[in-house]
Amino acid sequence: MDKQRAKQIADSPVMVNVTYNDTAVYIQHVSEENDTVRIYPLGQPENEQNVSMSRLVEN
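These notes cover the structure that comes with them. Note that this is a predicted model, so its numbers are computed, not measured. (Residues numbered from 1 in each chain as written. Predicted model: local features only at pLDDT ≥ 70, side-chain atom pairs only at ≥ 80, totals over all residues. Heavy atoms only, no water.)

1. Quick notes on the side chain of Thr-19
- Mapped onto the fold, Thr-19 is located in strand E1 (residues 18-20).
- Here Asn-59 takes part through its side chain, which lies 3.3 Å from a polar atom of the side chain of Thr-19.
- Among residues more than four places away in sequence, those in contact with Thr-19 are Ala-24, Val-25, Arg-55, Leu-56, Val-57 and Asn-59. (Helix = DSSP H or I, 4+ residues; strand = E, 2+ residues; numbered from the N terminus. Polar contact = N/O pair within 3.5 Å; in protein donor to acceptor, adjacent residues only side chain to side chain. Contact = heavy atoms within 4.5 Å.)

2. Notes on the packing of aromatic side chains
- Under the defined criterion, the tally for this structure stands at one aromatic pair.
- Measuring from centroid to centroid gives 5.3 Å for Tyr-26 and Tyr-40, while their planes differ by 40 degrees, and the two rings are tilted. Residue Tyr-26 is located in strand E2 (residues 23-31), and its partner Tyr-40 is located in strand E3 (residues 36-41); the two are separated by 14 residues in the primary sequence.
- When its relative accessible area of 33% is taken as the criterion, Tyr-26 is described as partly exposed. (Phe/Tyr/Trp six-rings, centres within 6.5 Å; stacked < 30°, edge-to-face > 60°. Buried < 20%, exposed > 50% of the residue type's maximum accessible area, 1.4 Å probe, protein only.)

By themselves, these observations are geometric and do not establish any function.
The structure is reproduced here in structure tokens:
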């Protein structure tokens, strides 16, 4: 996923179907400096992680 699209999804009030390693995730924050995003699996906000934007897939 590119940086601009990740930012659009993170800023959108509408839920977009995004996966990381085949798991549906919520994008919390986009770090423009190092091309990473803070995500967590849907329903599991305690499992936050920072991952590379390139690993996200919009379905």
